[in-house]
Amino acid sequence: MYKGGKIIASLIIFIGLLTLPFFYNMGKANAGPDVPLDTPAIQQLADKDKECVESPEYMRANHMQLLNDWRTAAVRDGQTVYVNSKGTEYEISLQDTCLKCHATDTAASPVVLNNPVSSNTGMSNPTLNSSNSSPQFCASCHDYSAVKPLCWSCHFEPKEAVK
Amino acid sequence: MLETALSGSKRYWIWVSLLLAVIAVGFYAYMNQYNNGLGVTGMSRDVSWGLYIAQFTFLVGVAASAVMLVLPYYLHDFKKFGKMVILGEFLAIPAVIMCMLFIVVDVGQPMRILNVILYPSPRSVMFYDMCVLIGYLLINIVVGWTTLSAERKGFPSPKWVKPIIYLSIPWAVSIHTVTAFLYAGLPGRHLWLSAIMAARFLASAFAAGPAILILLCLIVRKVSKYNADPEGGAIQSLVKIVRYAMIANVFFYILELFTAFYSGIPEYSASLRYIFFGLDGFNNLVPFMWTATVLAFLGIALLVFPTTRMNGKTLVIALLSIIIANWIDKGMILIVAGFVPNSFERIVEYAPTLNEILVTLGVYAIGALLITILYKIAVSVRQERA
Amino acid sequence: MSINRRQFLRRAGMITALGLGSSFIISGFRKKEVAEAAEYGKSSKDLPAKRWAMVVDMSKFKTEEDFKRVTDACHSLHNVPDFKNTKDEIKWIWKDDYHHAFAGGHNQYLDDHVIHSPFMVLCNHCENPPCVKACPTQATFKRNDGIIAMDFHRCIGCRFCMGACPFGARSFNFKDPRPYIEEISTEYPTRTIGVVEKCNFCYELLAKGLEPACVAKSNGGLIFGDLADTNSEVRKIVSTKHTIRRKPELGTQPSVYYLIGGDDHA
């Protein structure tokens, strides 16, 4: 191989740099996202009612698919009722069902809708503007994983939170 | 073969830098549009398609016109086009890419464009348009690249290219027919609701496209000394095609005028009256339409008479007239005037904003850059073999 | 080891394809947590229908206030923004005059008063909708109950449907609508920049057993019902009284009928 020594040496250095983050964090445990489950709405529920639409394990893995299926059923098929794996009925509504429990703690961080007066970025595309931000419950994981949900350029948090 | 585009004269690099500067400005203008919405353009609730879709319409025609070289050369063994076919294919590729870019800059949610493929809608003409454009781009890239590489290595082209070349012939016709169908099937737009839309689109494409190609060959000859038509027969044959296609185009337009005006049905002629004479005092397209009309007839006249079409200078004037006339017709008037008068018989006029024009220029600069690169490759390969 | 560039690329490509392919197969075999037996259904309050339609009785619209109340009921419930210019305007239901709403075949001897008489116009929820045919993603689609609905999540904003609609019923979000909504209603989401919108016959209210917002505030000027139900008021009016529709010659079969001559059906 022409200039083989230099090439192999550079390759080793390159791979070393590339895998540096993995070696640096080897052995350390990552705290993971801090998901707030202590909203006033959830605290008000009796212990036996503290159940989400499906189990936490299922929701963790599949809430995206569930939301997609809910969207298709409600918007396209006109079906607004979901019967979960345990037989309980829920109204299909991001705002009235999911956010009934998982809304942001209003005292801590009120939701402000995008307003040109308060917008400091000067842009008005809501998919880029951070003022249409996710409720805390969603943001805690989504900020951690850097996957931006686009729901909030159209959907709201429940009435109490909106200015 | 790409490396041939990376070495060039000073003039080449100045031209490339100029194009990159225009692209940068266009990109900046597009970011403004992306951040603030299509409200920065001149489009409105009533005229919901404007400059971008008009450019798309014009460029689909230019892309389809490559068939006017491929058909005679491959199907009828018209040897004179031998050296020019690659230039035709390498014009079609940037034209199709520009078409796709104009669609991307025109949609309100560009990040969702893949929805057209994820949720195919067989009853929608736009779905088919996306399919045929992607197919045509792939065909031309594969055919152009393979034939040129084979030529560079001194081999004949591999056998499997032949069926793809034959496929490109009806496919070229289909891309422009499908684009015409976008407009010709809409029940509420009387300017477009005409059977002759697709025929007229093809005729004007086969006039404007080869005309652009001839001008590009002349530029190539000046800039690189490479002559794609040493005996002079190829260009004159293309001129023949341009001449008859433009005559057909003007004839079809006159047919449209007859049906609209002689039938006396007000809705059928309203848009045409707006274009040629203005309606209710609104007339911002009138001067452009008459310019196009004059240029169309001038171009045809110059090409009909042998003295003027043989003369280098008058030939260029004739071709430019035809290109500009067709561009004004498709790239300026047709799309906008389809929305005038609107569904409530009111007139809302359209004019592009500066932001819109800058984005358009940026896309055209991308196309020009691609043509430059591809032609540089083709010419370099030919010249190094010579 | 002397392979040329083409061979190297070919081998790299094959290994990549092999790797990607097998990773898909392996992840397919892994058991996914499945919630068993989940179902979807309609709400018990849902108003079922085969063909929702509306009859417009302009004799019940007497003052400016009557028109405004109906338009505002819809626009405020659905967060329709007010851009304050006609270029970017979004409207779901509004008033136009006879001459423009029923364009075509202009009768020059018609009384000025009739030519300028007002009519409420909105999306006609056609049975044969050209907009649905045109949509390349089926973001606008026909529901089983006849309502032409919009899926704002799927719309790419190509505006082909706006070109296809012969009635000028559709609007586009040229800008972000939120700053232009005076009072946000949390009953219904806003839309986002770059999507098309129009009247949706209030299907979200129908699913709760309520009538459309404009109908509720129209004092009997807008009558809503199921055309397929022989006992519904709309069916009775449409089959016995003289009604007209906009641009019937285009064959789109609109579901919005305009009553001629007024009616005392209340």
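Everything discussed here concerns the structure shown above.
Each chain has its residues counted from 1, running along the sequence as written. Here every chain gets a letter starting at A, and every ligand a number starting at 1, in the order they are written. Note on the predicted model: pLDDT of at least 70 is required for a residue's local features to be given, and 80 or more for side-chain atom pairs to be given and counted; whole-chain, interface and lining totals, by contrast, use all residues. Heavy atoms throughout the structure, all of them, feed into the side-chain values; hydrogens and water do not.

K.L.:
Honestly, the overall build of chain C in this entry has me stumped. Any pointers?
P.N.:
Assigned secondary structure in chain C consists of 9 helices and 11 strands. Computation of the radius of gyration draws on C-alpha atoms, with the globule rule given as 2.2 Å multiplied by the number of residues to the power 0.38. Relative to its length of 266 residues, chain C is extended, with a C-alpha radius of gyration of 25 Å against a globular reference of 18 Å. Oriented by its inertia axes, the alpha-carbon framework of chain C measures out at about 95 × 45 × 40 Å. Only protein chains enter the area calculation, which uses a 1.4 Å probe; residues under 20% of their type maximum are buried, those over 50% are exposed, and those in between are partly exposed. The burial tally for chain C puts 54% of its 266 residues in the buried class. If you take every contact in chain C between residues at least 6 apart in sequence, the share linking residues at least 24 apart comes to 65%. In these tables, accessible area is a Shrake-Rupley quantity obtained with a 1.4 Å probe, and a residue counts as shielded only by the protein chains included in the view. Element-wise, carbon and sulfur atoms account for 54% of the exposed surface of chain C, whose accessible area totals about 13,100 Å². Helix and strand labels come from DSSP, where a helix needs a run of H or I of at least four residues and a strand needs a run of E of at least two; each type is numbered from the N terminus. Pairs of residues are marked as contacts when any of their non-hydrogen atoms sit within 4.5 Å.

K.L.:
Even after reading the chapter, I still don't get unusual backbone geometry, so can you show me in this structure?
P.N.:
Backbone phi values are negative for most residues with the exception of glycine, while trans is the configuration of most peptide bonds. With omega at -5°, the peptide bond leading from B:Val340 into B:Pro341 counts as cis. Turning to its location among the elements, B:Pro341 is positioned in the loop between helix 13 (312-338) and helix 14 (354-385). The phi dihedral of C:Gln138 is positive, around 60°, even though this residue is not glycine. Relative to the helices and strands, C:Gln138 is located in the loop between helix 5 (130-134) and strand 5 (140-142). The class of C:Gln138 is partly exposed, set by a relative accessible area of 24%. At C:Lys247, a position not held by glycine, the phi torsion is positive, near 45°. Within the fold, C:Lys247 resides in the loop between strand 10 (243-244) and strand 11 (256-259).

K.L.:
Hey, could you run me through the interface of chain C and chain B in this one?
P.N.:
In many reports, interface size means the accessible area that the parts give up when they come together. Contact residues are listed per partner, giving 52 residues for chain C and 38 residues for chain B. Every case where a carboxyl oxygen of Asp or Glu lies within 4 Å of a side-chain nitrogen of Lys or Arg is listed as a salt bridge. Across the chain C-chain B interface, the total number found is 2 salt bridges. Two residues, C:Asp96 and B:Arg346, come together in a salt bridge whose shortest N-O distance is 2.8 Å. Pairs of N or O atoms within 3.5 Å make up the polar contacts considered here, provided that, within protein, one atom can donate a hydrogen while the other can accept it, and that residues adjacent in sequence are counted only when both atoms are side-chain atoms. Across the contact surface, chain C and chain B share 29 residue pairs in polar contact (both at pLDDT 80 or more). Those elements that provide at least two residues to the side of chain C that touches chain B are strand 3 (93-97), helix 3 (98-101), helix 5, helix 6 (160-164) and strand 7 (171-172) of chain C. At 4 residues, helix 6 of chain C tops the list of elements feeding residues into the side of chain C that touches chain B. Grouping the amino acids of the side of chain C that touches chain B by side-chain chemistry returns 24 nonpolar, 14 polar and 14 charged. Gly falls in the polar group here, along with every residue not listed as nonpolar (Ala, Val, Leu, Ile, Met, Phe, Trp, Tyr, Cys, Pro) or charged (Asp, Glu, Lys, Arg).

K.L.:
So what exactly am I meant to see when it comes to the environment of C:Asn124 here?
P.N.:
Residue and element names in this part refer to chain C. Tracing the sequence through the fold places Asn124 in the loop between strand 4 (118-122) and helix 5. For Asn124 and Gln253, which are 129 residues apart along the polypeptide, the C-alpha to C-alpha distance reads 8.5 Å. When near neighbours in sequence (up to four residues on either side) are disregarded, Asn124 contacts Phe167, Arg246, Pro254, Ser255 and Val256.

K.L.:
Explain helix 11 (residues 286-304) of chain B to me, please; I cannot follow it from the model alone.
P.N.:
Three or four residues apart is the spacing at which side chains of an α-helix point the same way, because the helix has 3.6 residues per turn. Here helix 11 of chain B contains 19 residues, and its C-alpha end-to-end distance of 27 Å stays within 8% of the 27 Å for a straight helix at 1.5 Å per residue. Elements that come into contact with the buried residues of helix 11 of chain B comprise helix 9 (233-263), helix 10 (266-276), helix 12 (306-310) and helix 13 of chain B. One less than the residue count of a helix, multiplied by 1.5 Å, gives the span that helix is expected to have.

K.L.:
Is there a simple way to explain the pattern of salt bridges in this structure?
P.N.:
Two side chains bearing opposite charge may form a pair once their charged atoms approach each other closely. According to the stated counting rule, one finds 21 salt bridges over all chains in the structure shown. Across the pair B:Asp106 and C:Arg159 runs a salt bridge whose closest N-O atoms are separated by 2.7 Å. Highlighted residues: B:Asp106 in helix 4 (residues 85-106) and C:Arg159 in the loop between strand 6 (148-150) and helix 6, drawn from two different chains. Classification of B:Asp106 as buried rests on a relative accessible area of 1%.

K.L.:
I tried to follow the sheet that holds strand 2 (residues 52-56) of chain C on my own but got confused; where do I start?
P.N.:
Residue and element names in this part refer to chain C. Any two strands between which DSSP finds at least two bridges are classified as paired. One open sheet accounts for 4 strands, arranged 9-2-11-10; its pairing is mixed. Single-partner strands in this sheet number two, and they are strand 9 (222-226) and strand 10. For strand 2 and strand 9, the ladder comprises 5 bridges, and the chain directions are antiparallel. Its bridge partner being in strand 9, Ala53 is matched across the sheet by Gly225.

K.L.:
Would you explain helix 10 of chain B in this entry?
P.N.:
Buried within helix 10 of chain B are the following residues: B:Ser269, B:Ala270, B:Ser271, B:Leu272, B:Tyr274, B:Ile275 and B:Phe276. Where helix 10 of chain B terminates, the next one or two residues include B:Gly278, which has phi positive at roughly 85°.

K.L.:
Would you take a moment to explain the packing of aromatic side chains for this structure?
P.N.:
Within a pair of aromatic rings, the relevant descriptors are the distance that separates the centres and the angle that separates the planes. Aromatic pairing here means that ring centres of Phe, Tyr or Trp (its six-membered ring) are within 6.5 Å. Orientation follows from the plane angle: under 30 degrees is stacked, over 60 is edge-to-face, and everything else is tilted. All chains considered together, the criterion is met by 33 aromatic pairs over all chains. Here the aromatic rings of C:Phe102 and C:Phe119 are separated by 5.1 Å at their centres, their planes lie at 75°, and the arrangement is edge-to-face. Here C:Phe119 lies in strand 4 and C:Phe102 lies in the loop between helix 3 and helix 4 (112-115), a separation of 17 residues in the sequence. By relative accessible area, C:Phe102 is classed as buried at 11%. Since its relative accessible area comes to 9%, C:Phe119 is described here as buried. Grouping aromatic residues by their ring pairs yields a cluster made of B:Trp49, B:Tyr183, B:Trp192, B:Phe201, B:Phe339 and C:Phe160.

K.L.:
Looking at this structure, I do not really get a nonpolar patch on the surface. What am I missing?
P.N.:
Patches here: salt-bridge-free residues with over 30% relative accessible area, like charges joined within 9 Å, nonpolar side chains (Val, Leu, Ile, Met, Phe, Trp, Tyr) joined within 5 Å. Nonpolar side chains collect at one region of the surface, where A:Met1, A:Ile7, A:Ile8, A:Leu11, A:Ile12, A:Phe14, A:Ile15 and A:Leu18 lie side by side and expose about 840 Å² of accessible area between them. Residue placement: A:Ile7 occurs in helix 1 (residues 4-24).

K.L.:
Can you help me understand the environment of B:Gly154 in this one?
P.N.:
On the secondary structure map, B:Gly154 appears in the loop between helix 6 (125-153) and helix 7 (161-184). For the pair formed by B:Gly154 and B:Arg385, sequence separation is 231 residues and the distance between their alpha carbons is 8.5 Å.

K.L.:
What exactly am I supposed to notice about the nonpolar core here?
P.N.:
The nonpolar side chains of a soluble globular protein tend to be buried with one another. Membership of the largest hydrophobic core comes to 198 residues, with the highest contact counts inside it found for B:Tyr183 and C:Met54. Top element by residues in this core is helix 8 (residues 197-224) of chain B. It accounts for 15 residues. Ignoring anything within four residues of it in the chain, the contact list for C:Met54 reads C:Leu122, C:Phe201, C:Cys214, C:Val215, C:Leu222, C:Ile223, C:Phe224, C:Val234, C:Ser255, C:Val256 and C:Tyr257. Remark: nonpolar core denotes a set of buried residues (Ala, Val, Leu, Ile, Met, Phe, Trp, Tyr, Cys) joined through side-chain atoms within 4.5 Å. Residues A:Tyr58, A:Leu66, A:Trp70 and A:Ile92 belong to the second largest nonpolar core, which totals 10 residues.

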